[in-house]
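Spelled out from the first residue to the last, the chains are:
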Amino acid sequence: MSLKMNDAPYQRSPRTTFRIMMELTAALLIVWLAAVIYNFTLDAEFGVKAILLMVVALVATAAIDAVVALIKHKKGGDLKKELIDGVVKNYSYVTAIIFTLCCPVYVSYYVIIIGCLAATGIKHCFGGFGKNIFNPAIIGRIVVGLAFTDAFSPTDAFKSAIKTGATLTTQYSGQGVKWLSDVLPGKFNLGNLLIGNYAGSLGETFTLLILVLGIVLMVRKVINWRSSVFYLGTVAITSLFIGFFIEDLNPFTYMTYHLCLGGLMFGAIFMITDPVTSPTSPFGKALIGVIAGFMTVVIRIAGAYPEGVMFSIAFVNLLSPVIDKLV
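As a starting point, this report considers the structure included with it. (Residues numbered from 1 in each chain as written. Predicted model: local features only at pLDDT ≥ 70, side-chain atom pairs only at ≥ 80, totals over all residues. Heavy atoms only, no water.)

Among the surface-exposed residues, F40, V48, I51, L52, V55, V59 and Y109 lie close enough to one another that they form a single nonpolar patch of about 550 Å² accessible area. At five residues, the largest contribution of residues to the nonpolar patch is made by helix α2 (residues 44–72). Along the polypeptide, V55 turns up in helix α2. Given the relative accessible area of 42%, V55 is considered partly exposed. (Patch = residues over 30% accessible without salt bridge, like charges linked within 9 Å, V, L, I, M, F, W, Y side chains within 5 Å. Areas by Shrake-Rupley, 256 points an atom, 1.4 Å probe, with all protein chains shown as cover. Salt bridge = Lys/Arg side-chain N within 4 Å of Asp/Glu carboxyl O. Helix = DSSP H or I, 4+ residues; strand = E, 2+ residues; numbered from the N terminus. Buried < 20%, exposed > 50% of the residue type's maximum accessible area, 1.4 Å probe, protein only.)

So this is what it looks like as structure tokens:
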């Protein structure tokens, strides 16, 4: 086989990794700002807590990156440069932001620190940025979710603020038959789901805002549209199909709730699109969207947990190298 090479000069793309990550970070911070504002409407205590959780996560992650840089440091090297590169060029602060937005405001600070340790640790175990096979933020969230189940139960103060004993997603998944209802609990409606006027994890409730930010990121080519579109499309088609076979269930309303409730939109825009942990081919990116979308609906309806987004995305992360090899 002969390789054909074109003559120089070559044109470098202005889309550097740093610029892409900065745009992604800006979008995530907009979601976080919305969460801070919403929690201030509940109580000043929760608004301040939403800020402090992010600060703790960023500091903890930077400290972990610095410790890893110190461990890797060899005599004669530029320690200062290695520390700066370790903190800045590993982009672990993006992982910290995503992880924190996957947690509710009432979670304890030690849970955030341990989650950041798990998330950043799994990244460094595989060699650092660009080499991890799992989305680090998802691994961190799954670890603390399984290890500290009680820490994710709403506190009495939070229950008093939202005037209920559980978040909307938990209430919805627990009423009647699991995730098989076209009626929202309480006085909630579709408008609440779209603008995020209900309690949940910090970044999961602002469906419309996340969707708009996702479209901007796709247009800017910060994220690839295939995984998101096929993921959301598969969830929509699967839930719509199920809705047609359930008596007294409006299939279109039911489909809308699947798309707007829980962490689906956040996962579709900020998690499954991770270029490091997704296949490199366009077909592969679309395929993981289909697989993850189907798994999300199945876990929601038949699984033990009220939500299936993180587990389904972690599963397709595992499949990505296989898909790349087959394609």
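Following the structure, the description resumes.
Here we come to the side chain of T205. Tracing the sequence through the fold places T205 in the loop between α9 (190–195) and α10 (207–219). In this structure T205 comes out as buried when scored by relative accessible area, which is 2%. If we ignore the near neighbours within four places in the chain, the residues touching T205 are L193, I195, G196, Y198, A199 and G200. (Contact = heavy atoms within 4.5 Å.)

Quick look at empty space enclosed by the protein now. Here the structure, examined in full by the defined rule, presents two cavities of 30 Å³ or more. Taken as a whole, the largest cavity encloses approximately 280 Å³ of empty space. Around the largest cavity, the lining is made up of 21 residues, and of these M21, L24, V94, D274 and P275 lie nearest the centre. Where the lining of the largest cavity is concerned, the elements lending two or more residues are α1 (17–42), α4 (92–101) and α6 (136–147). Residue composition of the lining of the largest cavity, grouped by class: 14 nonpolar, five polar and two charged. Around the second largest cavity sit A35, Y38, N39, V105, F158, Y198, A199, G200, S201, L202, T205 and F206, which together line it. Considering each element in turn, the lining of the second largest cavity owes the most residues, three residues, to α1. Of the residues assigned to the lining of the second largest cavity, the class counts are eight nonpolar, four polar and no charged. (1 Å grid on protein atoms, 1.4 Å probe; cavity = no way out; pocket = protein on both sides within 12 Å on 5 of 7 lines; lining within 4 Å. Points joined across faces, edges and corners; volume = space filled by probe spheres on them. Nonpolar A, V, L, I, M, F, W, Y, C, P; charged D, E, K, R; others polar.)

Here the focus is the packing of aromatic side chains. The tally for this structure, following the rule as stated, stands at 11 aromatic pairs. Seen from their ring centres, Y91 and Y93 are 6.1 Å apart, and the 65° between their planes marks the pair as edge-to-face. The two residues Y91 and Y93 agree in class, both being buried. Between F244 and F252, the ring centres sit 6.0 Å apart and the planes meet at 85°, which makes this aromatic pair edge-to-face. Classification of F244 as exposed rests on a relative accessible area of 53%. Of the aromatic side chains, those joined through ring pairs into one cluster are F46, Y106 and F158. The aromatic ring of Y109 is capped on one face by K49, whose charged end is 5.2 Å from the ring centroid. (Phe/Tyr/Trp six-rings, centres within 6.5 Å; stacked < 30°, edge-to-face > 60°. Lys NZ or Arg CZ within 6 Å of the ring centre and 35° of its normal.)

Our next topic: the environment of D182. Mapped onto the fold, D182 is located in the loop between α8 (168–174) and α9. With 104 residues separating them along the chain, D182 and A286 place their C-alpha atoms 29 Å apart. In this view, D182 contacts D248, L249, N250, T253, Y254 and Y257; residues no more than four positions away in its chain are not counted. Separated by 2.8 Å, the side chain of D182 and the backbone nitrogen of N250 make a polar contact. (Polar contact = N/O pair within 3.5 Å; in protein donor to acceptor, adjacent residues only side chain to side chain.)

This next bit is on the layout of surface pockets. In this structure, the largest pocket encloses a volume near 770 Å³. Taken together, 33 residues form the lining of the largest pocket, with R141, F152, T170, P306 and E307 sitting closest to its centre. Elements that contribute at least two residues to the lining of the largest pocket include exactly α6, α8, α13 (264–270) and α15 (309–326). Top contributing element to the lining of the largest pocket by residue count: α6, with four residues. Looking at the lining of the largest pocket residue by residue, the classes come out as 16 nonpolar, 14 polar and three charged. Considered as a void within the structure, the second largest pocket measures approximately 230 Å³ in volume. Along the wall of the second largest pocket there are 16 residues; nearest its centre are Y38, A161, I162, K163 and F188.

Attention shifts here to the side chain of S312. Secondary-structure assignment places S312 in helix α15. Classification of S312 as buried rests on a relative accessible area of 0%. With near-sequence residues (within four places) excluded, S312 lies in contact with Y231, A292, M295, T296 and I299.

Of all hydrophobic cores here, the largest spans 73 residues; its most connected members are L28, L101, F266 and F270. Broken down by element, this core gets its largest block of residues, 10 residues, from α1. The residues contacting L28, other than those within four sequence positions of it, are V94, I97, I98, L101, F266 and F270. Counting 11 residues, the second-largest nonpolar core is a separate cluster that includes W179, L249, Y257 and C260. (Core = buried A, V, L, I, M, F, W, Y, C linked by side-chain atoms within 4.5 Å.)

Turning our attention to the pattern of salt bridges. Scanning the model with the defined rule gives two salt bridges in all. With a closest N to O distance of 2.9 Å, E23 and R220 form a salt bridge. With E23 in helix α1 and R220 in the loop between α10 and α11 (225–244), this pair connects stretches of sequence that are 197 residues apart. Between R300 and E307 there is a salt bridge whose closest N-O contact spans 2.7 Å. In this structure, R300 and E307 share a single accessibility class: buried.

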